[in-house]
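# Structure assessment
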Amino acid sequence: MEQFTGRVWVLGDDIDTDIIIPTEYLALKTIEDMKQYGFSPLRPELAGQIREGDIIVAGKNFGCGSSREQAPEVIKALGIKCIFAKSFARIFFRNSINNGLLLIEQPDLYDDIKEGDRISVTLGQEVVYQGRKYPIASLPDNLLEIINAGGLVKAMRKRNGLDERP
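Read on for a plain summary of the structure.

Conventions and cut-offs
- Residues numbered from 1 in each chain as written.
- Predicted model: local features only at pLDDT ≥ 70, side-chain atom pairs only at ≥ 80, totals over all residues.
- Heavy atoms only, no water.
- Phe/Tyr/Trp six-rings, centres within 6.5 Å; stacked < 30°, edge-to-face > 60°.
- Helix = DSSP H or I, 4+ residues; strand = E, 2+ residues; numbered from the N terminus.
- Buried < 20%, exposed > 50% of the residue type's maximum accessible area, 1.4 Å probe, protein only.
- Lys NZ or Arg CZ within 6 Å of the ring centre and 35° of its normal.
- Salt bridge = Lys/Arg side-chain N within 4 Å of Asp/Glu carboxyl O.
- Pairing = 2+ DSSP bridges.
- Axes fitted to C-alpha atoms, helices over the stretch in contact; angles between N-to-C directions.
- Parallel < 35°, antiparallel > 145°, perpendicular 65-115°, else oblique.
- Contact = heavy atoms within 4.5 Å.
- Right-handed = clockwise from strand over helix to strand, strands pointing away.
- Nonpolar A, V, L, I, M, F, W, Y, C, P; charged D, E, K, R; others polar.

### Observations regarding the packing of aromatic side chains
Tallied over the entire structure, the rule returns four aromatic pairs. When the ring of Phe62 is compared with that of Phe88, the centres are 6.2 Å apart and the planes differ by 80°; the resulting orientation is edge-to-face. Within this pair, whereas Phe62 is found in the loop between strand S2 (55-58) and helix H4 (70-77), its partner Phe88 is found in the loop between strand S3 (82-85) and helix H5 (90-98), the two being separated by 26 residues in sequence. Note on accessibility: Phe62 and Phe88 belong to one class, buried. Ring centres of Phe62 and Phe92 lie 5.4 Å apart, and the angle between their planes is 65°; this geometry places the pair in the edge-to-face category. In this pair, Phe62 is assigned in the loop between S2 and H4 and Phe92 in helix H5, connecting sequence segments 30 residues apart. As far as the burial class goes, Phe62 and Phe92 line up, both buried. Taken together through their ring pairs, the aromatic side chains of Phe62, Phe88, Phe92 and Phe93 make up a single cluster. Sitting over the ring of Phe4, Lys81 keeps its end group 4.9 Å from the ring centre. Here the guanidinium or amino end of Arg90 rests over the ring plane of Phe93, the centre of that ring lying 5.3 Å away.

### Examining the pattern of salt bridges
Tallied over the full model, the rule gives eleven salt bridges. In this structure, the salt-bridge partner of Arg43 is Glu115, at a minimum N-O distance of 2.7 Å. You can see Arg43 sitting in the loop between helix H2 (31-34) and helix H3 (46-49) and its partner Glu115 sitting in the loop between helix H6 (109-112) and strand S5 (118-122), a full 72 residues away along the chain. Assessed through its relative accessible area of 17%, Arg43 is described here as buried.

### Remarks on the sheet that holds strand S1 (residues 3-10)
Strand order in the open sheet formed by seven strands is S4-S3-S2-S1-S5-S6-S7, with mixed pairing between adjacent strands. The open sheet has two free edges, formed respectively by strand S4 (102-105) and strand S7 (132-135), since each of these has just one partner strand. Averaged over neighbouring strand pairs, the angle between their axes works out to 30° when direction is ignored. Where S5 and strand S6 (residues 126-129) come together, three bridges link them in antiparallel fashion.

### Some thoughts on the packing of H5 against helix H7 (residues 141-149)
The packing of two helices is summarised by the inter-axis angle and the distance between the axes. Across the interface, H5 lies against H7 with an axial gap of 8 Å and an inter-helix angle of 55°. Taken together, H5 and H7 sit at an angle that is classed as oblique. Contact residues: H5 offers Phe93, Arg94, Ile97 and Asn98, while H7 offers Leu143, Ile146 and Ile147.

### A short note on the pairing of S2
Here S2 shows no split at all, with Ile55 and Val57 on one side and Ile56 and Ala58 on the other all buried. Relative to S2, S1 runs parallel, the two sharing three bridges. What sits directly across from Val10, in S2, is Val57. In terms of strand pairing, S2 meets S3 through four bridges, oriented parallel. From the neighbouring strand, Ile56 faces S3, where its bridge partner is Ile83. Since S2 and S3 lie parallel, the crossover through H4 that links them has a hand, and here it is right-handed.

### Regarding the packing of H7 against helix H8 (residues 152-159)
Two elements in contact, H7 and H8, have axes separated by 7 Å at closest approach and are oriented at 100°. Taken as axis vectors, H7 and H8 run roughly perpendicular relative to one another. Here Glu145, Ile146 and Ala149 of H7 lie close against H8, whose contacting residues are Leu152, Lys154, Ala155 and Arg159. A per-class count over the contact of H7 with H8 returns four nonpolar, no polar and three charged.

Shown next, in the form of structure tokens:
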């Protein structure tokens, strides 16, 4: 089982894709150019404070709004290891998995967590926060394969032997 620990950023309910990456920044050439504007309508300083391996914990309906793929790409580029939320917008969930961003639904963690604290995650089993264990469901093997490869295209290239060197 994969295990990891990370610092938590707490966001609320209904964080839509326009908050994750506002429309006016979609014209920038690369995700690297866009990432500095991540979450800027909500918290302009946040993108500059996130570090590799950090974790977002949010309320319900995370990723609602338009289905832009840049939203999970920006979050991943910022270094977020995974997002826990009470619920996710379905298209955002699929876009995130397809781009290699781990999302986990957990209904109770958000109500107890404090920003800046650390949590420990054992995939498919639990999250531990201040000694309390929060159960999490196992992700299907095919979704884990996609996430571990870094996205759907990379997973399919690996599965079909296209990235192996002779």
